[in-house]
Amino acid sequence: MKDLKNDLFLRACHRQPVERTPIWLMRQAGRYMPEYRALREKAGGFVTFYKDVKLSVEATILPRKLLGVDASIIFSDILTPLESIGMKFEFREGEGPVFFNPIQSPDDILKLRPFNRQDVYYVGEIIKGVNQALNREIPTIGFCGAPFTLAAYMIEGRTSRDFKKAKAFMYNHPDAFKELLDKLADMLIDYLNFQIESGADAVQIFDSWGGYLSPDDYREFALPPIKKIIKGLKRDYQPIIHFTKGVAGFFDDMITSGADVYGVDWMIDLSVVKEKLAGRAAAQGNLDPVVLYADKDVIKQKAVDILNKWGKDTGHIFNLGHGLMPDMEVEKVRYLVKVVQEESVR
Ligand code: CP3
């Protein structure tokens, strides 16, 4: 598909026949790799890193070289496009993102600027650079954060265990909150279309915090703007992956979003996912990342268990239920990739 040497990932997304299950891993280019840490050192900081096209291309292709994964995900962050609409933030060591001007009142939403893709031109250059550097060996995945997850960061101002400030804003000002979600959806349509035009072979929407809502609130707030984004994307063969962390309570609702692939965490059984999708969409996941701290024989067993839950049908992309962590061992991650690629041969 699309001049790619290895298009297993795209075929699995479209539920076309595959010789084995494709695998890539969320946060596959990260601090657990010494080579990543060297690039980050060179860049000086995380923001200067993801704005540096050359270094970001190098980071993006590390997992292909070191792990042999079947897809690349561009090196960037879900917060990247927020600078264009006027949000100011930095990433602090050990703390994550911190905003200088969080949204504190409904009036602050009116002050947001319209999104301009020229402000994120470097993301397009990274996609082009990756496609060139890998010589179209494997597909390139672009991504964005889901409106609810981005709004949660914009209001909370930093990462949080319960996002209580953001959710209290949502309960106190539901109309203003929906207006914010709608603005973000419009921004993300433009942002993802820009990534597809730049050469992304697939795009993933990360709703990392959607699972912290009740099913009613998920249906009212988180889901509608995702449906709007999916409707607004102009694509040809490029699949859309919709990932939600903590989705077990409303998986039936999630799968109405219109995506081609649903990404799930480890708190839902993959055989339940398969049964509910009933051949209407593909699934991505769902190994508990913490399994990678266990011994190799455990890693193999847990990976095979997941492969068995899906069976030999197409439509499954192996991944973790959430991202790799900075203190994981590269050797074990490489082992997981190898085991999945060997054990899933049809
Ligand atoms: O998956 C990938 O490898 C692609 C790149 C990617 C990053 N962040 C790189 C990153 C992607 C897809 C993300 C998504 C992201 N970013 C999410 C959603 C996915 C998830 O994990 O739930 C969220 C919530 C963020 C926001 C964010 N970025 C936080 C909370 C943090 C700090 C936590 C941490 O791990 O340090 C980041 C920083 C970040 N994003 C790093 C990387 C490689 C670490 C930066 C560094 O210090 O080198």
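Per chain, residues are indexed from 1 in the order of the written sequence. Per-residue local features are limited, in this predicted model, to residues with pLDDT of at least 70; the limit for side-chain atom pairs, both in listing and counting, is 80 or more; totals at the level of whole chains, interfaces and linings are taken over all residues. Side-chain metrics rest on all non-hydrogen atoms present in the structure, leaving aside hydrogens and water.

(A) Spatial organisation of the pairing of strand β4 (residues 140–145). Buried, partly exposed and exposed residues are distinguished by accessible area as a fraction of the type maximum, computed with a 1.4 Å probe on protein chains only: under 20%, between the cut-offs, and over 50%, respectively. The helix count covers DSSP runs of H or I at least four residues long, the strand count covers runs of E at least two residues long, and both are numbered beginning at the N terminus. For β4, the tally of buried residues reaches six of six residues, placing the bulk of the element in the interior. Alternating residues of β4 divide into T140, G142 and C144 and I141, F143 and G145, and every residue in both groups is buried. For two strands to count as paired, DSSP must find a minimum of two bridges between them. As paired elements, strand β1 (residues 72–73) and β4 share two bridges and run parallel to each other. When the sheet's bridge partners are listed, S72 is paired in β4 with T140. Direction of pairing for β4 relative to strand β5 (residues 202–207): parallel, over a ladder of five bridges. Bridged to C144 within β5 is I205.

(B) Quick look at the pairing of strand β9 (residues 316–320). The buried fraction of β9 amounts to five of the five residues, a majority that puts the element mostly inside the structure. Side chains of β9 alternate between two faces, with H316, F318 and L320 and I317 and N319 buried alike. With five bridges connecting them, strand β8 (residues 282–287) and β9 associate as parallel partners. What sits directly across from Q284, in β9, is I317. For crossovers, right-handed means that the path from the first strand over the helix to the second runs clockwise, given strands pointing away from the viewer. With helix α13 (residues 296–310) bridging β8 and its parallel neighbour β9, the resulting β-α-β unit is right-handed.

(C) Summary view of the site of the ligand. It suffices for a single heavy atom of a residue to lie within 4 Å of a molecule or strand for the residue to be listed as near it. Around the ligand there are 22 residues in total, and R31, Y36, R40, S208 and H322 lie nearest to it. Pairs of N or O atoms within 3.5 Å make up the polar contacts considered here, provided that, within protein, one atom can donate a hydrogen while the other can accept it, and that residues adjacent in sequence are counted only when both atoms are side-chain atoms. Interatomic distance of 2.7 Å between a backbone N/O atom of R27 and an oxygen atom of the ligand. Values of accessible area rely on a 1.4 Å probe in the Shrake-Rupley scheme; residue burial ignores everything except the protein chains shown. Summarising the interface, the protein chains cover 89% of the accessible area of the ligand, which totals 860 Å² for the free molecule. Elements with a minimum of two residues in the shell around the ligand: α2 (34–43) and β3 (96–99). By the convention adopted, Pro, Cys, Tyr, Trp, Phe, Met, Ile, Leu, Val and Ala count as nonpolar, Lys, Arg, Asp and Glu as charged, and the other residues, Gly among them, as polar. When grouped by side-chain class, the residues that make up the shell around the ligand number 13 nonpolar, five polar and four charged.

(D) Highlighting the sheet that holds β1. Reading across the sheet, the seven strands line up as β1-β4-β5-β6-β7-β8-β9 and stay open at both edges, with parallel pairing between neighbours. Looking at strand neighbours, the two that pair on one side only are β1 and β9, the edges of this open sheet.

(E) Local environment of the packing of aromatic side chains. Two aromatic rings, drawn from Phe, Tyr or Trp (for Trp, its six-membered ring), form a pair once their centres lie within 6.5 Å of each other, and the interplanar angle then sorts them: stacked below 30 degrees, edge-to-face above 60, tilted otherwise. This structure, assessed with the given rule, holds 21 aromatic pairs. The interplanar angle of 80 degrees and the centroid separation of 4.7 Å between the aromatic rings of F46 and F91 together place this pair among those described as edge-to-face. Highlighted residues: F46 in helix α3 (residues 46–51) and F91 in strand β2 (residues 89–92), separated in sequence by 45 residues. Centroid distance Y50 to Y122: 6.4 Å. Interplanar angle 25 degrees. Geometry classified as stacked. Of this pair, Y50 sits in helix α3 while Y122 sits in helix α6 (residues 121–133), placing them 72 residues apart in sequence. Across the pair, exposure class does not vary: Y50 and Y122 are buried alike. Ring pairs connect the aromatic residues Y36, F46, F49, Y50, F75, F89, F91, F99, Y121 and Y122, which therefore count as one cluster. Here the guanidinium or amino end of K178 rests over the ring plane of F221, the centre of that ring lying 5.3 Å away. For a lysine, the NZ atom is tested; for an arginine, the CZ atom; a charge sits over a ring if that atom is within 6 Å of the ring centre and within 35 degrees of the ring normal. The positively charged end of K274 is found above the aromatic ring belonging to W310, 5.5 Å away from the centroid.

(F) Representation of the pattern of salt bridges within the structure. A side-chain nitrogen of Lys or Arg and a carboxyl oxygen of Asp or Glu constitute a salt bridge if their distance falls within 4 Å. Summed over all chains, the structure comprises 29 salt bridges. Of the charged contacts in the structure, one is a salt bridge between D190 and R117, with a shortest N-O distance of 2.9 Å. Taken together, the positions of D190 in helix α9 (residues 174–197) and R117 in the loop between α5 (106–110) and α6 put the pair 73 residues apart, joining distant regions of the chain. Judged by its relative accessible area of 25%, D190 falls in the partly exposed class. K128 is the salt-bridge partner of E125, the closest N and O atoms lying 3.4 Å from each other. Of this pair, E125 and K128 both sit in helix α6, three residues apart, which is roughly one turn of that helix.

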